[in-house]
Amino acid sequence: MTTVSTDPGLAIAPGSRSFGPATALVCRECGQRYQLGARYACDQCFGPLEVGYDFSGGPSGAVTRQQIEAGPPSIWWYASLLLVPADAADRPVDLSPGWTRLHRADHLGAALGMRRLWVKDDSGNPTHSFKDRVVAVALTAAHTLGLQTVACASTGNLAGAVAAAAARAGMRSVVLIPDDLEDGKTVNAAVYGGTLVAIEGNYDDVNRLCSEVAFEHEDWGFVNVTLRPFYAEGSKTVGYEVAEQLGWRLPEQIVSPIASGSLLTKVDKAWRELAALGLVEGTPYRVFGAQATGCSPVSQAFAAGHEIVKPVKPNTIAKSLAIGNPADGPYALDVVRRTGGAIADVSDDEVVEGIRLLAETEGIFAETAGGVTVAVLRKLLALGLADPDAETVVLNTGDGLKTLDAVSGVVGPSATIRPTLDAFRAAGLGQTPEAGQQ
Amino acid sequence: MSVTVRVPTILRTYTGGASEVSVEGGTLSEVVTALEAAHPGIAARVLDDDGKLRRFVNVYVGDEDVRFASGLDTPTPAGSTVSVIPAVAGG
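1. Side note on a nonpolar patch on the surface
Residue and element names in this part refer to chain A.
And step 1. On the surface, Ile417, Leu421, Phe424 and Leu429 cluster together into a nonpolar patch covering about 330 Å² of accessible area.
And step 2. Counting through the fold element by element, Phe424 comes out in helix α15 (residues 421-426).
And step 3. We classify Phe424 as partly exposed; its relative accessible area is 35%.

Here it is in structure tokens:
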């Protein structure tokens, strides 16, 4: 279908460049097209809406590497590939997220028996998670649409990202979180001011409530509800950056965490866009998904060969991945199966081991989601599902300082002694550990 | 048995803009049938061609996601509230 519905009040006139090369919102299920605006579900079938683009034209023609490299060192480097105006970097909502390091992880690779391994470390973002990317795009859209209040349902990282970006932008924020979040995430959301509401329930309860509140407050921008098509596009910048940091080429394998399933699908979308635009060679790659066993509906569906994801009630320390009813799960399954990848899940103990392994080999302290991706990579290798000789990128989406509880019971001081040299000697702390011992 | 149905924004064209409507029905299936009788066209938005709940529709009876209950056979006691919500990925 090519009809474009013009129903929503909060929409921008067709032909405007306020949303860059984006042309419409398109239903992923039935293909119905809608004018760009604050809407997220198809009127016809309730399917999720995704952004459609036309990269062929525009004032400066097709997108080139030179055009991209002329941008600022943030996600706005890729403004010409996003649904934002060309001056997005100059807008007051900007915290300059992105351009996080792609860390060559030779020691972790050696520990896992891999030839070439990289960690895309998104803990380096302004509020220490990849959520700053999606929020930056969503708040730019909110600004364009004239919205004064932004809101979200969050598993933790998004809460801080929204509160911080809203503070910077001078907007009001209303953030809903489960009441059992880690203290680090709660404090990291509360410190920026704004309205922070702890909900007596799990993330799926929070998400449901947020959707119902959205029905009542159409003048607010719910970044991961009504602005979701915009928000989700921000995740593409992870894929763009990985490709560019590798010298404008694609890796052979990537391991992504799965919460909603959005990040995994958007990295794939980014690489397909880059290949279609001729910005990278369209070399084959395999996408792997990672979940914690205590919330593994997509992994279970993959193992069972199902196309539908059956919701579960989460119970895991990896709270940032604890979405029991992941609406992008079916699309994550599609991507993984299309590329020849796999999805696996790991226990909470394995998550902690993954966090420690990454920290002890590479000096990167990941939050639980990073522990999940590292542990799942190890599992995939053990199962023979991932190739140890293939160049691989593993995503770390957040900072371990936000989830200290996950490891505080298993790491700590090597010894507690009196402040004397005798005590230091008596504790054997001056001896060099033998190989393999710590 | 009167049940309150919370109507999402994208279905309010069928309810004359009303955000909540009351219908009779002892199960979710009966509620959907009653909704269709009162607001023709709405059932086809919520159900697929096989008469099942669409993949991207979440329906709750009270606090319970009907996928964890009995789907369209989930009882809807008198006075209960049925919420119809487009699935959104969250995160």
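2. Some points on the pairing of strand β2 (residues 20-24) of chain B
Residues and elements named next belong to chain B.
And step 1. In β2, alternate side chains face the same way, and those of Val21 and Val23 are buried while those of Glu20, Ser22 and Glu24 on the opposite face are not.
And step 2. Bridge count between strand β1 (residues 2-6) and β2: five bridges; the pairing is antiparallel. Pairing of Val3 across the sheet is with Val23, part of β2.

3. Some words on the domain arrangement of chain A
All names here are of chain A.
And step 1. Domains assigned within chain A are domain 1 (4-73 + 131-232) and domain 2 (102-126 + 235-406).
And step 2. Between the C-alpha centres of domain 1 and domain 2 there is a distance of 23 Å.
And step 3. At the interface, 29 residues of domain 1 touch 32 residues of domain 2.
And step 4. When domain 1 packs against domain 2, the two sides together hide about 2800 Å² of surface, and 46% of this comes from carbon and sulfur.
And step 5. Among the residues domain 1 hides against domain 2, the three largest losses belong to Arg65, Arg133 and Glu182. Together they make up 24% of the total.
And step 6. At the boundary of domain 1 with domain 2, the tally comes to seven salt bridges.

4. Some points on the sheet that holds β1(B)
And step 1. An order of β2-β1-β5-β3-β4 (chain B) is seen for the five strands of this open sheet, with the pairing classed as mixed. Looking at the sheet topology across the chains shown, the edges are occupied by β2 and β4 (64-65) of chain B.
And step 2. In the sheet, strand β3 (residues 57-61) of chain B pairs with β4(B) via two bridges, with the strands oriented antiparallel. Bridged to Val61(B) within β4(B) is Glu64(B).
And step 3. Contacting β1, β3 and β5 (81-86) of chain B, helix α6 (residues 203-216) of chain A runs over the sheet at an angle of about 90° to β5(B).

5. What about the environment of Thr33(B)?
And step 1. Relative to the helices and strands, Thr33(B) is located in helix α1 (residues 28-38).
And step 2. Residues Thr33(B) and Ala43(B), spaced 10 residues apart in sequence, show a C-alpha to C-alpha distance of 7.3 Å.

6. Focus on the interface of chain B and chain A
For interface size, the figure often reported is the accessible area lost on association.
And step 1. Of the residues lining the interface, 28 residues belong to chain B; the matching set on chain A comes to 37 residues.
And step 2. In total, chain B and chain A occlude about 2800 Å² of area from one another, counting both sides; carbon and sulfur atoms represent 58% of this.
And step 3. The salt bridge partner of Arg208(A) is Asp63(B), with a shortest N-O separation of 3.9 Å.
And step 4. On inspection of chain B and its partner chain A, the count reaches eight residue pairs in polar contact (both at pLDDT 80 or more).
And step 5. For the side of chain B that touches chain A, the secondary-structure elements that each account for two or more residues are β3, β4 and β5 of chain B.
And step 6. Looking at the side of chain B that touches chain A, the element that brings in the most residues is β5(B), giving four residues.
And step 7. Tallied by class, the residues present in the side of chain B that touches chain A amount to 13 nonpolar, six polar and nine charged.

Definitions and cut-offs
Residues numbered from 1 in each chain as written. Chains lettered and ligands numbered in written order. Predicted model: local features only at pLDDT ≥ 70, side-chain atom pairs only at ≥ 80, totals over all residues. Heavy atoms only, no water. Patch = residues over 30% accessible without salt bridge, like charges linked within 9 Å, V, L, I, M, F, W, Y side chains within 5 Å. Areas by Shrake-Rupley, 256 points an atom, 1.4 Å probe, with all protein chains shown as cover. Salt bridge = Lys/Arg side-chain N within 4 Å of Asp/Glu carboxyl O. Helix = DSSP H or I, 4+ residues; strand = E, 2+ residues; numbered from the N terminus. Buried < 20%, exposed > 50% of the residue type's maximum accessible area, 1.4 Å probe, protein only. Pairing = 2+ DSSP bridges. Domains from an automatic or database assignment. Contact = heavy atoms within 4.5 Å. Buried area = accessible area lost by both parts, 1.4 Å probe. Axes fitted to C-alpha atoms, helices over the stretch in contact; angles between N-to-C directions. Polar contact = N/O pair within 3.5 Å; in protein donor to acceptor, adjacent residues only side chain to side chain. Nonpolar A, V, L, I, M, F, W, Y, C, P; charged D, E, K, R; others polar.

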